[in-house]
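So you can see what is in the structure, the chains are spelled out below.
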Amino acid sequence: MWHFAYEHAYQVKARQFSGAVFANFYLRLRYGTWTEIAPILPFGGSAARSSAIYDGSSRDVRRTLLRLLRAAPSAIARRQKSSAAFPFRTYDYDLVREGAFVAAKPEPADQPLVVRL
């Protein structure tokens with residue numbers, strides 16, 4: 001099955017990006033070490049000043065940071081120490097695996113929608 005969800009390779013979707021930034025920062029507050037929490041403001045400030053991610057990304061990051069500010073007291077109050085290794089890498093959690101996106105050749109326009117084998 002082919003899932004056509006992106007217009008081009010490495011496209012960044014607004015909700016996906018802002019949700020990932022929020023989740024990353026929230027998890028840092030809730031479970032991270034103080035060394036992992038410290039970069040939240042520099043990372044957030046940098047992303048809020050950058051419009052290079054996608055059109056409107058700086059606005060979305062500012063909204064995400066305000067949402068995080070409202071959620072932060074609860075996250076900090078319910079902090080739990082974890083012994084699990086959880087690698088935070090800038091705005092992401094782990095390295096992106098190669099091959100997650102495969103560009104397909106355009107299909108001819110006269111193809112049937114469903115092919116029965």
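Enquirer: Break down the overall build of the protein for me, with residues and values.
Expert: The helix and strand tally for the protein stands at four helices and zero strands. For the protein, buried positions account for 26% of its 117 residues. Across the protein, every contact between residues at least 6 apart in sequence was considered, and the portion connecting residues at least 24 apart equals 68%. Element-wise, carbon and sulfur atoms account for 59% of the exposed surface of the protein, whose accessible area totals about 9400 Å².

Enquirer: Hey, could you go over the pattern of salt bridges for me, with residue numbers and the actual values?
Expert: On inspection of all chains with the given rule, the structure shows one salt bridge. For Arg59, the salt bridge goes to Asp60, with nearest N and O atoms at 3.2 Å. With a relative accessible area of 39%, Arg59 lands in the partly exposed category.

Enquirer: Go over the nonpolar core with me, naming the residues and quoting the values.
Expert: Of all hydrophobic cores here, the largest spans 16 residues; its most connected members are Tyr26, Leu29, Ile40 and Leu68. Mapped onto this core, the elements with two or more residues apiece are α1 (14-31), α3 (40-49) and α4 (57-77). Element by element, the count of residues in this core is highest for α1, at six residues.

Enquirer: Summarise the packing of aromatic side chains; cite the residues concerned and give the values.
Expert: This structure, assessed with the given rule, holds two aromatic pairs. The interplanar angle of 80° and the centroid separation of 6.1 Å between the aromatic rings of Phe17 and Tyr54 together place this pair among those described as edge-to-face. In this pair, Phe17 is assigned in helix α1 and Tyr54 in the loop between α3 and α4, connecting sequence segments 37 residues apart. For the residue pair Phe17 and Tyr54, the accessibility class agrees, reading buried in each case. With a centroid separation of 5.9 Å and 20° between ring planes, the pair formed by Phe22 and Tyr26 is classed as stacked. Here Tyr26 and Phe22 lie together in helix α1, a separation of four residues that amounts to about one turn. Considered together, Phe22 and Tyr26 belong to a single accessibility category, that of buried residues. Geometry around Phe22 places Arg67 over its ring, the cationic atom sitting 3.7 Å from the centre.

Enquirer: Account for the packing of α1 against α3, naming residues and giving values.
Expert: The description of two helices packed together rests on the angle between their axes and the distance between the axes. Viewed as axis vectors pointing N to C, α1 and α3 meet at an angle of 170°, and their least axial separation amounts to 11 Å. With respect to their mutual orientation, α1 and α3 come out roughly antiparallel. Facing Phe25, Arg28 and Leu29 of α1, the residues of α3 in contact are Ile40, Phe43 and Gly44. Of the residues in the contact of α1 with α3, the class split is four nonpolar, one polar and one charged.

Enquirer: Give me the packing of α3 against α4: which residues, what numbers.
Expert: Relative to each other, α3 and α4 sit at 150°, their axes nearing to 8 Å. When the axis of α3 is compared with that of α4, the two are roughly antiparallel. Where α3 approaches α4, its residues Ile40, Gly44, Ala47 and Ala48 are matched on the opposing element by Ser58, Val61, Arg62, Leu65 and Leu68. Of the residues in the contact of α3 with α4, the class split is six nonpolar, two polar and one charged.

Here is what the cut-offs are and how they apply
Residues numbered from 1 in each chain as written. Predicted model: local features only at pLDDT ≥ 70, side-chain atom pairs only at ≥ 80, totals over all residues. Heavy atoms only, no water. Helix = DSSP H or I, 4+ residues; strand = E, 2+ residues; numbered from the N terminus. Buried < 20%, exposed > 50% of the residue type's maximum accessible area, 1.4 Å probe, protein only. Contact = heavy atoms within 4.5 Å. Areas by Shrake-Rupley, 256 points an atom, 1.4 Å probe, with all protein chains shown as cover. Salt bridge = Lys/Arg side-chain N within 4 Å of Asp/Glu carboxyl O. Core = buried A, V, L, I, M, F, W, Y, C linked by side-chain atoms within 4.5 Å. Phe/Tyr/Trp six-rings, centres within 6.5 Å; stacked < 30°, edge-to-face > 60°. Lys NZ or Arg CZ within 6 Å of the ring centre and 35° of its normal. Axes fitted to C-alpha atoms, helices over the stretch in contact; angles between N-to-C directions. Parallel < 35°, antiparallel > 145°, perpendicular 65-115°, else oblique. Nonpolar A, V, L, I, M, F, W, Y, C, P; charged D, E, K, R; others polar.

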